[in-house]
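Each chain, letter by letter, is given below.
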Amino acid sequence: MTSPVVELRGLPSHVGIIMDGNGRWAQLRGLPRTEGHRAGSAAVRRVVRASRRLGVRALTVYAFSEQNWARPEDEVGTLMELLQEFLVSERGEILGNGIRLQAVGNLERLPAFVRTVLDPLAAESAGNHDMTLTLALSYGGREEIAAAARELSIEVQAGRMRPDDITAEALRARMPSLAVGDPDLVIRTGGEQRISNFLLYGLAYAELVFSDKLWPDFGADDLYAAVAAYQGRERRFGRVGKGVAPLSPTKAQV
Ligand code: FPP
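Residues numbered from 1 in each chain as written. Predicted model: local features only at pLDDT ≥ 70, side-chain atom pairs only at ≥ 80, totals over all residues. Heavy atoms only, no water.

Draft legend 1. Molecular detail of the site of the ligand. Taken together, 16 residues form the shell around the ligand, and within it Asp20, Gly23, Arg24, Arg33 and Arg71 come nearest. Take glycine 21: an N or O atom from its main chain is 3.3 Å from an oxygen atom of the ligand. Contact between the ligand and glycine 23: an oxygen atom at 3.1 Å from a main-chain N or O atom of the residue. For the ligand, the protein covers 91% of the area, taking 630 Å² as the surface of the free molecule. Taking a 2 Å distance to the grid points as the criterion, the majority of the atoms of the ligand fall inside the largest pocket. Sorting the residues of the shell around the ligand by element identifies helix H1 (22–28), helix H2 (33–54) and helix H3 (73–96) as the ones contributing at least two each. Counting residues per element, the shell around the ligand draws most heavily on H2, at four residues. (Near = heavy atom within 4 Å. Polar contact = N/O pair within 3.5 Å; in protein donor to acceptor, adjacent residues only side chain to side chain. Areas by Shrake-Rupley, 256 points an atom, 1.4 Å probe, with all protein chains shown as cover. 1 Å grid on protein atoms, 1.4 Å probe; cavity = no way out; pocket = protein on both sides within 12 Å on 5 of 7 lines; lining within 4 Å. Sits in = over half its atoms within 2 Å of the grid points. Helix = DSSP H or I, 4+ residues; strand = E, 2+ residues; numbered from the N terminus.)

Laid out in structure tokens, this is it:
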């Protein structure tokens, strides 16, 4: 297969990925679901590298949702272990390649063995500027909107803001997932076409690309194909587009 052609101009600045299909990938091979997550973790490595090489400024991966805590205990445990292993094994590559690592979500819920590797790596990489890798962990888009609304209501209650100051931008400014900008492109693997509580507020004008590939099978070429699809779209942000020439001029036009 030849690689998809990606233009270096007009790259999406912020790419978000809903990594779906680990469980099915394992099931198809008669393996436990946790093996699918292990293979999924390797796919994260590949896609982080490919994004960095391409010149994407921000990559946000949906690694664990607030709702994923309801999965069986051993699956949650394995996901947390894989996360910790990923942070340990990728530390050198992250720091050596100008990548800033951060996490968004209800981080208080993460086990201490994850926080003890996550927090120092976030601090150590904070000065890196080539790409920001955000792990959405214990993350929920609705929960993030509610937290931003709570922060604003405290400001109003304390008299530091007026209700009129509660604008779309004021709300947005209190959402950690959007500090790198709204996502331009959101990719979902695994064949489903839904958003599953990911970056809800920032998604307003994102381009969506759905891939049938199961996440562990997703590689650099699939990322390039998604970016090429994005580059073929016309983004209008609610305005009128360049449009298509009418088939034949109407009387009023001639
Ligand atoms: C969804 O697949 C995937 C997840 C809930 C977890 C994603 C986690 C990883 C890719 C690995 C660990 C992450 C990092 C950053 C190292 P699913 O289990 O819902 O798949 P299914 O729909 O086929 O059941």
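Draft legend 2. Summary view of the sheet that holds strand E3 (residues 99–104). Pairing within the open sheet is parallel, and its six strands lie in the order E3-E4-E2-E1-E5-E6. Across the chains shown, the open sheet's two edge strands, defined by having one partner strand only, are E3 and strand E6 (207–210). Strand-to-strand twist of the sheet, defined as the mean angle between neighbouring strand axes without regard to direction, takes the value 20°. As defined by bridge partners, strand E5 (residues 185–188) adjoins E6 across four bridges and the pair is classed as parallel. Pairing of arginine 188 across the sheet is with phenylalanine 210, part of E6. (Pairing = 2+ DSSP bridges. Axes fitted to C-alpha atoms, helices over the stretch in contact; angles between N-to-C directions.)

Draft legend 3. Highlighting the confidence of the model for the protein chain. In this model, the protein chain carries a mean pLDDT of 94, and residues with pLDDT of at least 70 account for 95%. Below pLDDT 50 for its whole length, residues 248–254 participates in two contacts with residues either more than four positions away or in separate chains. (pLDDT = per-residue confidence, 0-100. Contact = heavy atoms within 4.5 Å.)

Draft legend 4. Quick look at the packing of aromatic side chains. Considering all chains together, one arrives at six aromatic pairs under this definition. Judged by centre distance (5.6 Å) and plane angle (50°), the ring pair of tyrosine 205 and phenylalanine 237 falls under tilted. Placement of the pair is tyrosine 205 in the loop between E5 and E6 and phenylalanine 237 in the segment after helix H7 (220–231), with a sequence separation of 32 residues. Here the aromatic rings of tryptophan 215 and phenylalanine 218 are separated by 5.3 Å at their centres, their planes lie at 20°, and the arrangement is stacked. Ring-pair connections join several aromatic residues into one group, and the members of that group are Tyr62, Tyr139 and Phe198. (Phe/Tyr/Trp six-rings, centres within 6.5 Å; stacked < 30°, edge-to-face > 60°.)

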